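Understanding the architecture of this molecule
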2 protein chains.
Amino acid sequence: MPSDSTDALQPHQPLYRQLAGILAAAIAAGEEYPPGSRLPSETELESRYNVSRSTVRQAVAELRRMGLAVSKHGKGTFVREQATPVATIKRTLIRRGKNLIMGHQLDEAEEATVTRDHVSGDIEALFARGPIHTLTADRLLTDPQTGVRATHRTIIPFDVADEVPALAEQPAASPTDLYGILAESGLTLTWWETVDARTARPDERAALRMPDDADTILITHRVTEDQNGRALLVEEMRTSPARVRLAYRITPTTPKRG
Amino acid sequence: MPSDSTDALQPHQPLYRQLAGILAAAIAAGEEYPPGSRLPSETELESRYNVSRSTVRQAVAELRRMGLAVSKHGKGTFVREQATPVATIKRTLIRRGKNLIMGHQLDEAEEATVTRDHVSGDIEALFARGPIHTLTADRLLTDPQTGVRATHRTIIPFDVADEVPALAEQPAASPTDLYGILAESGLTLTWWETVDARTARPDERAALRMPDDADTILITHRVTEDQNGRALLVEEMRTSPARVRLAYRITPTTPKRG
DNA sequence: TATCATTTGTTCGTATGTATC
DNA sequence: CGATACATACGAACAAATGAT
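Computed from a predicted structure; not experimentally measured.

Considerations on the overall build of chain A
Summing up its helical and strand segments, chain A has eight helices and 13 strands in all. Computed over the C-alpha atoms, the radius of gyration of chain A is 24 Å, more than 25% above the 18 Å expected from 2.2 N^0.38 for a compact globule of 258 residues. Counting only C-alpha atoms and orienting by the principal axes, one finds that chain A spans roughly 75 × 40 × 35 Å. For chain A, with 258 residues in total, the buried portion stands at 30%. For chain A, contacts bridging at least 24 residues in sequence account for 58% of all contacts bridging at least 6.

Details of the relation of the copies chain B and chain A
One copy of the chain maps onto the second through a rotation around an axis plus a translation along that axis. With an RMSD of 0.5 Å, chain B superimposes on chain A once it is rotated by 179° and translated 0.2 Å along the axis. Viewed as a symmetry operation, the transformation between the two copies matches a two-fold axis. Among all residues of chain B, the minimum C-alpha distance to the rotation axis is found for Ala197(B), at 2.9 Å.

Notes on the packing of helix α1 (residues 15-29) of chain B against helix α3 (residues 53-65) of chain B
Residue and element names in this part refer to chain B. Where α1 meets α3, the closest approach of the two axes is 8 Å, and the angle between their N-to-C directions is 50°. The orientation of α1 with respect to α3, classified from their angle, is oblique. As for how α1 packs across α3, the hand of that crossing is right-handed. From α1, Leu 15, Tyr 16, Arg 17, Leu 19, Ala 20, Leu 23 and Ala 24 reach across to α3, where they touch Thr 55, Val 56, Gln 58, Ala 59, Glu 62 and Leu 63.

A word on the protein's contact with DNA strand D
In the neighbourhood of DNA strand D, 20 residues make up the surrounding shell, with Ser41(A), Pro14(B), Leu15(B), Thr55(B) and Gly74(B) lying closest. When residues of the surface near DNA strand D are traced back to their parent elements, those giving at least two are α2 (42-49) and β2 (76-79) of chain A together with α1 and α3 of chain B. Take the surface near DNA strand D: its biggest share by element is three residues, from α3(B). Its residues assigned to classes, the surface near DNA strand D shows four nonpolar, 12 polar and four charged.

As for the packing of helix α2 (residues 42-49) of chain B against α3(B)
All names here are of chain B. Contact pair α2 / α3: the axes reach a minimum separation of 9 Å and the direction vectors enclose 110°. Relative to α3, α2 is oriented roughly perpendicular. Two packed elements cross with a definite hand, and for α2 against α3 that hand is right-handed. Residues Glu 42, Leu 45 and Glu 46 of α2 form the contact with α3, whose participating residues are Arg 53, Val 56, Arg 57 and Val 60. Of the residues that constitute the contact of α2 with α3, the class distribution is three nonpolar, no polar and four charged.

Regarding the nonpolar core
Membership of the largest hydrophobic core comes to 72 residues, with the highest contact counts inside it found for Leu218(A) and Leu218(B). Setting aside anything within four residues of it in sequence, one finds Leu218(B) in contact with Val195(A), Ala197(A), Val195(B), Ala197(B), Thr239(B), Pro241(B) and Leu246(B).

Description of helix α7 (residues 175-184) of chain A
Residues and elements named next belong to chain A. For α7, every residue scored as buried is listed here: Leu 178, Tyr 179 and Leu 182. The arc that holds every buried residue of α7, seen down its axis, measures 100°, which confines them to one face. Residues of α7 that are buried make contact with β5 (99-102), β9 (149-157), α6 (165-169), β11 (216-225) and β12 (231-239). In the segment just after α7, Gly 186 is the residue with positive phi, at about 90°.

Regarding the protein's contact with DNA strand C
Around DNA strand C sit 20 residues, and of these Pro14(A), Leu15(A), Thr55(A), Gly74(A) and Ser41(B) come closest. Where the surface near DNA strand C is concerned, the elements lending two or more residues are α1 (15-29) and α3 (53-65) of chain A together with α2 and β2 (76-79) of chain B. For the surface near DNA strand C, the leading source of residues is α3(A), giving three residues. Tallied by class, residues from the surface near DNA strand C come to four nonpolar, 12 polar and four charged.

Considering the environment of Arg201(A)
Mapped onto the elements of the fold, Arg201(A) is located in the loop between β10 (190-199) and α8 (202-207). Along the chain, Arg201(A) and Ile217(A) lie 16 residues apart, while their C-alpha atoms are 9.0 Å from each other.

A few points about the confidence of the model for chain A
Residues and elements named next belong to chain A. Taken residue by residue, chain A gives an average pLDDT of 86. The fraction at 70 or more is 92%. Confidence, read as mean pLDDT per element, is least for α8 in chain A (80) and greatest for β12 (96). Low pLDDT, under 50, characterises residues 1-10; the stretch is placed with 12 contacts to residues that sit more than four places away or in other chains.

Looking at the interface of chain B and chain A
Contact with chain B, which involves 35 residues of that partner, is made by 35 residues of chain A. Breaking the side of chain B that touches chain A down by element, the ones donating at least two residues are β4 (93-96), β10 (190-199), β11 (216-225) and β13 (244-250) of chain B. If you tally residues by element for the side of chain B that touches chain A, the top one is β10(B), at nine residues. When the residues that make up the side of chain B that touches chain A are grouped by side-chain class, the tally is 16 nonpolar, eight polar and 11 charged. Relative to β10(B), strand β13 (residues 244-250) of chain A is paired through five bridges, and the arrangement is antiparallel.

Topic: the environment of Thr43(B)
Here Thr43(B) lies in helix α2. The spacing of Thr43(B) and Val56(B) is 13 residues in sequence and 8.3 Å in space, taken between C-alpha atoms.

Observations regarding the pairing of β2(B)
Residues and elements named next belong to chain B. Where burial is concerned, the two faces of β2 differ: the one with Thr 77 and Val 79 is buried and the one with Gly 76 and Phe 78 is not. Examined bridge by bridge, strand β1 (residues 69-72) and β2 share four bridges and lie antiparallel to one another. Bridging from a neighbouring strand, Ser 71 pairs with Thr 77 of β2. Here β1 folds back onto β2 in antiparallel fashion, the turn holding three residues, of which Gly 74 has a positive phi close to 80°.

The rules behind each value
Residues numbered from 1 in each chain as written. Chains lettered and ligands numbered in written order. Predicted model: local features only at pLDDT ≥ 70, side-chain atom pairs only at ≥ 80, totals over all residues. Helix = DSSP H or I, 4+ residues; strand = E, 2+ residues; numbered from the N terminus. Rg over C-alpha atoms; globule rule 2.2 N^0.38 Å. Buried ≥ 20, exposed ≤ 12 C-beta atoms within 10 Å, placed from the backbone. Contact = placed C-beta atoms within 7 Å. Least-squares fit on C-alpha atoms with pLDDT ≥ 70 in both. Axes fitted to C-alpha atoms, helices over the stretch in contact; angles between N-to-C directions. Parallel < 35°, antiparallel > 145°, perpendicular 65-115°, else oblique. Left-handed = near helix turned anticlockwise from the far one by under 90°. Near = placed C-beta within 6 Å. Nonpolar A, V, L, I, M, F, W, Y, C, P; charged D, E, K, R; others polar. Core = buried A, V, L, I, M, F, W, Y, C linked by C-beta atoms within 7 Å. Arc of directions from axis to C-beta. pLDDT = per-residue confidence, 0-100. Pairing = 2+ DSSP bridges.

Encoded structure:
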């Protein structure tokens, strides 16, 4: 096998990594294998580099993991087009008269489903007051232009629902409406949001209709707080960064005198 | 092989997927294989489910892809602990007198290195004025408390450096200082940021000292614009969501009349 | 220190299934 | 239908890391 100059830095790399490295370098060069082009077939690579079929398959699997190639059953393995996200989800709030509306334009694909729930772990930490009962509303959002999907979950703790009965009556209302309801009940609202990313689970892949060559999802948690820093509402949104990108406006803030 | 009830929904799944499904379900149940526990060895699974070693290995690889397990050479395969991020990077700007400072507390681990560069693709699109020459400053940031790492890149287009000579003189200055320089030259600044995620490349894994069981990185692009919407500065930051989480403050904005 | 059993990692070879054209 | 291509599955051997003897 290739005992060539490229592995001078990593002399003890396994065969399949060496092969993956050679192919990755060739792809990066862009001459031999431009985006969209087909790589040599596995049998071709087998004889060209004098390695076994399984080694070739491991090398190609490595390329897929690196996000450089996609294999299609019966057709071949292709250099991945650099898929730039087709949509941008603006994670901003726009003031329009008395209303606060979302900065993006996502439609509700299905009716929201409401369940009663306990929360713990991640979400519990955001509410910062121990294990709690909640009203949870799940919905599927789509971008009508691009077909991009996102799942959205609204989590209302029961103690807040008790204080603001209008919330308990329509937990499946849109976030815009929920903000309105909270504001009308005399609360001054502030928002912050965290972003996380991880490998998608199979159910998430299905819900977001993720392409085969995408593997990660973005998860945001938006917390709506009152003037005392108490979390009133948490929203969770999941999207695939292969299709969308999140955008935030950064507004300088003046720390309150404490 | 197991023709048990669990594959009623997916009757024609390959063996390795069936096995991965069985193990994933057992992990999800949490009884037999709680987080941190060791899965049966490959030879054990081989005989228990009467499949070949390679099929077992494919199944375990599937579990790793799903983010459910981590294999350690010579020791075994373990159910992954749900690693909660240890640090939060606040992507906010705080006004302190005349200065704008970062909302987080990351130290510079090494001296920034400055290079002249061409940019194209992603970054080029953010500047929205075709291929350009830039001054690029790279630095490595660490959180002194947790040791969490991030890479940071400042990208200054030459046309902006020409107009604001102080920028060209100290391109490796901190973002805080760069904002100050731009503001002093009479520009009104606004900021926005996009978030992306993808599988980490080997060099990124090394730079961020990512643990073996982490696979994705978060990439942010912060654009500093003047009052006319012209991009003056782009910053790129990479972190591992296995260790950190990004936090944004959402400030409602009033759209300008126009 | 040295040896050994255990466990995952790498590599080979071969056969068959299934999608595409 | 046949040729080509990737996908699945089996079996075997050795390498390398780990932990205990």
